[in-house]
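For reference, the chains in residue letters:
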Amino acid sequence: MPPATLEVSDAVVQCLVREQRPDLGDRPLARVANGWDNATFRLGDDLAVRLPRREEAVSLILHEQRYLPGIARRSPVSVPVPIHAGRPTSDFPWPWSIVPWVPGAAAADVGPADRGPAAEGLADFLLSLHVPAETGVPVNPFRGVPLSDRASAVLERLTDRGRYPQAAALSAVWAQACAAEAWDGPAMMLHGDLHPGNILLADSGALAGVIDFGDVGAGDPAVDLAVGWLMFDGGARERFMETFGAAVKRDTWMRARGWALILSTAMLSNSDDNPRMFAVGEFGIRQILEG
């Protein structure tokens, strides 16, 4: 995991909340996540504080503050729309957010069979999300771009035959994906980082919410559809795909499988210190090879 540019302490977060939202300053605070880009603290029972831990992630917080309100108006499930846009201070030099705490179990922490009931709900969420992006929505150079832009990274990872003994078969999958027709529609609104760690499930297994919109942007919706391989086994993935009907063409699903390969290899090659994400990558590789 990338090192933090700035380590965020509980005391600094408590001070930020008390200074800028004194009405929330007496709530208990506890660190709950330390991701690649952001640190997250739970604030009482129903709120969370989200702060960048790397300078590169500062723009991601601003993107969430800018675009999540519009996404929330369309979404059939909960998303963490900021209720407070935090200002930089002498103790913390970057913007930050207070957001609702979205309840649910992360799909990365349950077995594949327990994820299956979320298939149709996740498809419905993506149908609500994937609308033409307005002017000015950022284009992430690593997500939603043509597959050819990511080819060198994928092919370099696959040279690690110890980590990828199935490299020949995976290279064939990659070639098939790159042979699909390129996206020729308008740039669509994207989550950009849709994987089981950012998908929350209710007790029933149904979709409860989607979190971590730092990579929100515009581009080819195939990058988000890759979640079909990262999240579901064959039967549930078939239901996920069928829910889209004619809204998604065969070539888009082929590119989505290519994106699943990009994301799965990124997790396997860079998560030796994160067993949770390593397991998501392993699962994705198995599903890609199955179909």
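Here goes a summary of the coordinates provided. (Residues numbered from 1 in each chain as written. Predicted model: local features only at pLDDT ≥ 70, side-chain atom pairs only at ≥ 80, totals over all residues. Heavy atoms only, no water.)

## Examining the sheet that holds strand β4 (residues 84-86)
So, step 1. The five strands lie next to each other as β1-β2-β3-β5-β4, forming an open sheet whose pairing is antiparallel. Two strands bound the open sheet, and with one partner strand each, they are β1 (29-34) and β4. Neighbour-to-neighbour, the strand axes of the sheet open up by a mean angle of 25 degrees, direction not taken into account.
So, step 2. As defined by bridge partners, β1 adjoins strand β2 (residues 38-43) across five bridges and the pair is classed as antiparallel. Across the sheet, A30 pairs through a bridge with R42, a residue of β2. (Pairing = 2+ DSSP bridges. Helix = DSSP H or I, 4+ residues; strand = E, 2+ residues; numbered from the N terminus. Axes fitted to C-alpha atoms, helices over the stretch in contact; angles between N-to-C directions.)

## Concerning the side chain of D224
So, step 1. Position of D224 relative to the elements: it lies in helix α7 (residues 222-225).
So, step 2. Summary of buried charges: D224 has no salt-bridge partner, and the nearest side chain of opposite charge, R143, is 7.4 Å away.
So, step 3. Within the structure, D224 has its side chain in polar contact with the side chain of H130 (distance 2.9 Å).
So, step 4. Side-chain polar atoms of D224 contact the backbone nitrogen of G192, separated by 3.0 Å.
So, step 5. Filtering out sequence-adjacent residues up to four positions away, D224 remains in contact with L126, L129, H130, L190, H191, G192 and L194. (Buried < 20%, exposed > 50% of the residue type's maximum accessible area, 1.4 Å probe, protein only. Lys, Arg positive; Asp, Glu negative; His and termini not counted. Salt bridge = Lys/Arg side-chain N within 4 Å of Asp/Glu carboxyl O. Polar contact = N/O pair within 3.5 Å; in protein donor to acceptor, adjacent residues only side chain to side chain. Contact = heavy atoms within 4.5 Å.)

## Quick look at the packing of aromatic side chains
So, step 1. Tallied over the full model, the rule gives seven aromatic pairs.
So, step 2. Measuring from centroid to centroid gives 5.6 Å for F232 and F240, while their planes differ by 45 degrees, and the two rings are tilted. The residues F232 and F240 share a single accessibility class, namely buried.
So, step 3. Ring geometry for F240 and F244: centres 5.2 Å apart, planes at 80 degrees, overall edge-to-face. Here F244 and F240 lie together in helix α9 (residues 234-244), a separation of four residues that amounts to about one turn. (Phe/Tyr/Trp six-rings, centres within 6.5 Å; stacked < 30°, edge-to-face > 60°.)

## Observations concerning the nonpolar core
So, step 1. Counting 59 residues, the largest nonpolar core has L122, F125, L126, I199, M231 and F240 as the members making the most contacts within it.
So, step 2. A per-element tally of this core places helix α10 (residues 250-270) first, with eight residues.
So, step 3. Residues contacting F125, with those up to four places away along its chain left out, are S75, P76, V77, V79, L207, V210 and F213.
So, step 4. Core analysis: the next-biggest nonpolar cluster, separate from the first, contains 17 residues, L29, F41, L47 and V49 among them. (Core = buried A, V, L, I, M, F, W, Y, C linked by side-chain atoms within 4.5 Å.)

## So, unusual backbone geometry
So, step 1. For D212, which is not glycine, the phi torsion reads 60 degrees and is therefore positive.
So, step 2. Its place among the elements puts D212 in the loop between β9 (207-210) and β10 (217-219).

## A short note on the pairing of β2
Every other side chain in a regular strand lies on the same face of the sheet, so the side chains alternate between the two faces.
So, step 1. Extensive coverage of β2 is indicated by the burial of five of its six residues.
So, step 2. Pairing of β2 with strand β3 (residues 47-52) involves six bridges; the strand directions are antiparallel. Note that in β3 the partner of L43 across the bridge is L47.
So, step 3. Counting the residues between successive antiparallel strands, the hairpin from β2 to β3 contains three residues, one of them, G44, with a positive phi of roughly 70 degrees.

## Description of the side chain of Q20
So, step 1. Mapping Q20 onto the fold places it in helix α1 (residues 10-20).
So, step 2. Within polar-contact distance, the side chain of Q20 engages the side chain of H84 at 3.3 Å.
So, step 3. Once you skip the residues sitting within four places of it in the chain, Q20 turns out to touch H84, G86, R87, T89 and W96.

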